[in-house]
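Commentary on secondary and tertiary structure
Residues per chain, in single letters:
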Amino acid sequence: MTDQQAEIDLTVGVFYRTGRAGARRLADGGGPFGFDIAVALMVDELIRRYECDAVAETGCFAGDTTFYLARRYPGLPVYSCDIDRECAAFTARRLAGCPNAEVTCEDSPAMLARVASRHARPLAFLDAHWGDGWPLVTELGIVTAAAGIAVIHDFDIGHDRFSYDAYDGVACGPPLLARMAAPPALYYTLDPGAVLPVPCLQTGRRAGVGVVLGTDVSASEQPPSRFLAARHLDSARMAGSRA
């Protein structure tokens, strides 16, 4: 067995053994990364490619993704937060047996700033866009300035099978990236045509995912994961977010 296959097997094993506590409220039925194995495989390739030294998640809700990350990467610090005290407390109890995990009740930019001050190359899964608040632009500024890797959930990838969020008439997609203080010329999205090594069992809602690299990380036409496709921000904005 190759090292790559061993990593895939480990990811799949932990992923499909993680309970879906979020099923009580989430449209996708809960589960790590919205129960999309493609996202878990992509995140694993990013963590290994860039030698990330921490993982952060914003918006833990019931802790499905947090619980997966803490068990999949026991050697890395895993941070998560939620502004809902009950969600943060539930997730903290759920991860009581994971010494590498830290779950707090606070605004996501505050947590990300703390993570950025402690680590050289964090990967951040940004999913704290629930309700009226939309901290994504602030979150992206913190992560990219800290040489981190930002993975944005519910992102418009221009494919009808994949859902995305919008706030105040602005899609979570290229229009969002254009609002950054330093918009990326190149970004990446989950590739719907990528061949997965295992089946994706999410038959309901699948969310699009966007990836933005830190300002000191070289972005190229060659995606950093075989499950990603490269996109040019100017072209995407001219074509419209659903292009």
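Whatever comes next refers back to the structure up there.
To keep things clear, this report deals only with the structure shown in the data block. Note that this is a predicted model, so its numbers are computed, not measured.

Notes on unusual backbone geometry
Not every positive phi belongs to a glycine, and F35 is a case in point at roughly 60 degrees. Looking at the element boundaries, F35 is found in the loop between α1 (3–15) and α2 (37–49). By relative accessible area, F35 is classed as buried at 11%. In this structure, F61 is a non-glycine residue whose phi angle is positive, near 50 degrees. Assignment of secondary structure puts F61 in the loop between β1 (54–58) and α3 (64–72).

Focus on the pairing of strand β3 (residues 101–105)
Successive side chains on a regular strand alternate, one facing one side of the sheet and the next facing the other. Bridge analysis of strand β2 (residues 78–82) against β3 gives 5 bridges, and the strand direction is parallel. Bridge assignment links D82 to a residue of β3, and that residue is C105.

Brief notes about the packing of aromatic side chains
Summed over all chains, the structure comprises 8 aromatic pairs. For the ring pair F15 and Y16, a centre distance of 4.9 Å and an interplane angle of 90 degrees mean the geometry is edge-to-face. Looking at F15, the relative accessible area reads 0%, which means it is buried. Of the residues examined, Y16 reaches a relative accessible area of 27% and is grouped as partly exposed.

Looking at the sheet that holds strand β12 (residues 228–232)
The strands making up a sheet are joined through hydrogen bonds of the backbone, oriented either antiparallel or parallel. With mixed pairing, 8 strands are arranged side by side in an open sheet as β3-β2-β1-β4-β5-β11-β9-β12. Looking at the sheet topology across the chains shown, the edges are occupied by β3 and β12. Strand-to-strand twist across the sheet, computed as the mean angle between neighbouring axes with direction ignored, equals 20 degrees. Pairing of strand β4 (residues 122–126) with strand β5 (residues 149–153), which is carried by 4 bridges, proceeds in the parallel orientation.

A word on the packing of α1 against α2
For the pair α1 and α2, the least separation of the axes is 10 Å and the interaxial angle reads 135 degrees. Relative to α2, α1 is oriented oblique. The two elements α1 and α2 meet at a crossing, and its hand is right-handed. Facing α1, whose interface residues are E7, I8, T11, V12 and F15, α2 presents I37, A40, L41, D44 and R48.

About the criteria used
Residues numbered from 1 in each chain as written. Predicted model: local features only at pLDDT ≥ 70, side-chain atom pairs only at ≥ 80, totals over all residues. Heavy atoms only, no water. Helix = DSSP H or I, 4+ residues; strand = E, 2+ residues; numbered from the N terminus. Buried < 20%, exposed > 50% of the residue type's maximum accessible area, 1.4 Å probe, protein only. Pairing = 2+ DSSP bridges. Phe/Tyr/Trp six-rings, centres within 6.5 Å; stacked < 30°, edge-to-face > 60°. Axes fitted to C-alpha atoms, helices over the stretch in contact; angles between N-to-C directions. Parallel < 35°, antiparallel > 145°, perpendicular 65-115°, else oblique. Left-handed = near helix turned anticlockwise from the far one by under 90°. Contact = heavy atoms within 4.5 Å.

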